[in-house]
Amino acid sequence: MYYEINGNILPQVRLVDRAVLEPPYVHKKRRPDEYILYVMRKGTLYLEENGLAYTLSEGDVILLDPDFTHQGIRASECEYYYIHFRHPQIYRRSEDADFGRRGMQLRSESLQECSGSYLMYRDSWLCFPKMLRLRTGKSYLKILSLLEDAVEQNQNQMENYKVSCACRFMEALVEIGREAVSVHALERVLEIPDSYRKVQKLLHYLNVHYGEPITSALIEEKLSCNFDYLNRVFKRTIGKTIFVYLNETRIHHARELLGTTSMKITAIGYRVGFQDESYFSKVFKKYTGMSPARYEKMISQPGYAKVTDAVATPSPDTVTTGAGPSL
């Protein structure tokens, strides 16, 4: 079982705090009218929900569902964070097999997004399992830190404290979802083609290092893979060759700099990875239909209205039927 939640909408957090249980305490039986997330810090918590038993220890995360009754099975000695919240668009999925596919699909799509576009907010769904055993490393510590901040924000009750608390909690959910996808990928490493993993790794590398000199030889070295083969796989997966994708990324960032800074065109070209100004101008014109100088002049004209991407509105089916986002 796993859940999808619309990340464009902040959850309504009612309670967030730490709980410490000691024997002979047994978690009480209840069916809440809200979702409850537990993140274990230490010890062991024995729970049952909807007839399924869970033994939770350090690093474990579980989402308790308002459609089910949960209760303690036996006395527990433990410490954990709890977050009681509601959300208008959270959907339960019953097929565990779909979680990995959905999570990897979201990760792949995200790596290909234009980070400077409002369209990146379209269908921003988080995906995370009913229960997750976190590896108690960097990600786990970050989640604990975010929840501790959420507790502090909820307690100080300064203006907009609920908004600040919800932001920390949502960020923690993002981390939980990312870690769940990574854990899933590691568990099924033999089922995921090596070529797919290399394409994802290369996308991440190009998105981060686009401003540096990048050659086919460097890519072969970084990915330990023949460039021609990788280029064919990349085109089959992404729909364009490696250097077409790289140039699109570079020109996108160049347009951002032309529109938001007073940097010289030569400096901008160098910043986004072009060592030669004439070549930068040639590539820029190929992708935009005009030279950098003309583009800069156009966007600086009084009354120029920059065309921006509109935030997509979910369809009525997505919002009202409970079906959630289409796969």
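Our structure's up above, just so we're on the same page.
Values in this document were obtained by computation on a predicted structure and should not be read as measured data.

As a further point, take the pattern of salt bridges. Taken as a whole, this structure holds 15 salt bridges when the rule is applied. Lys 42 is paired through a salt bridge with Glu 79; the nearest N and O atoms lie 3.6 Å apart. On the criterion of sequence distance, the pair formed by Lys 42 in strand E3 (residues 35–49) and Glu 79 in strand E7 (residues 77–86) is long-range, its members being 37 residues apart. In this structure, Asp 60 and Arg 133 form a salt bridge, with 2.6 Å as the shortest nitrogen-oxygen distance. In this pair, Asp 60 sits in strand E5 (residues 60–64) while Arg 133 sits in strand E10 (residues 131–133), placing the two residues 73 residues apart along the sequence. Judged by relative accessible area, Asp 60 falls into the buried class, the value being 3%. The partly exposed category is assigned to Arg 133, whose relative accessible area is 48%. Here the salt bridges do not stand alone but share partners, grouping Arg 18, Arg 41, Lys 42, Glu 79 and Glu 148 into one network.

Formed by 37 residues in total, the largest nonpolar core has its most connected members in Leu 37, Val 39, Phe 85 and Leu 173. Top element by residues in this core is helix H3 (residues 161–187). It accounts for nine residues. Other than its neighbours up to four places away in sequence, Leu 37 contacts Val 61, Ile 62, Leu 63, Tyr 81, Tyr 82, Ile 83, Phe 85, Phe 169, Leu 173 and Ile 176. By size, the runner-up hydrophobic cluster in this structure holds 33 residues, among which are Val 233, Leu 258, Met 290 and Tyr 295.

Using the criterion set out here, one finds twelve aromatic pairs in the structure. Considering the side-chain rings of Tyr 35 and Phe 85, the 5.7 Å spacing of their centres and the 25 degrees angle between planes classify their relative orientation as stacked. Residue Tyr 35 is found in strand E3, and its partner Phe 85 is found in strand E7; the two are separated by 50 residues along the sequence. Of the two residues, Tyr 35 and Phe 85, both sit in the buried class. Taken together, the ring pairs in this structure connect Tyr 3, Tyr 35, Phe 85, Phe 128 and Phe 169 into an aromatic cluster.

The next thing to look at is the pairing of strand E4 (residues 52–57). For E3 and E4, the ladder comprises six bridges, and the chain directions are antiparallel. The residue of E4 that forms the bridge with Thr 44 is Ser 57. Connecting E3 to the antiparallel partner E4 that follows it, the hairpin turn spans two residues, and Asn 50 within it adopts a positive phi of roughly 55 degrees.

About the criteria used
- Residues numbered from 1 in each chain as written.
- Predicted model: local features only at pLDDT ≥ 70, side-chain atom pairs only at ≥ 80, totals over all residues.
- Heavy atoms only, no water.
- Salt bridge = Lys/Arg side-chain N within 4 Å of Asp/Glu carboxyl O.
- Helix = DSSP H or I, 4+ residues; strand = E, 2+ residues; numbered from the N terminus.
- Buried < 20%, exposed > 50% of the residue type's maximum accessible area, 1.4 Å probe, protein only.
- Core = buried A, V, L, I, M, F, W, Y, C linked by side-chain atoms within 4.5 Å.
- Contact = heavy atoms within 4.5 Å.
- Phe/Tyr/Trp six-rings, centres within 6.5 Å; stacked < 30°, edge-to-face > 60°.
- Pairing = 2+ DSSP bridges.

Read these as layout, nothing more, since geometry by itself doesn't imply function.
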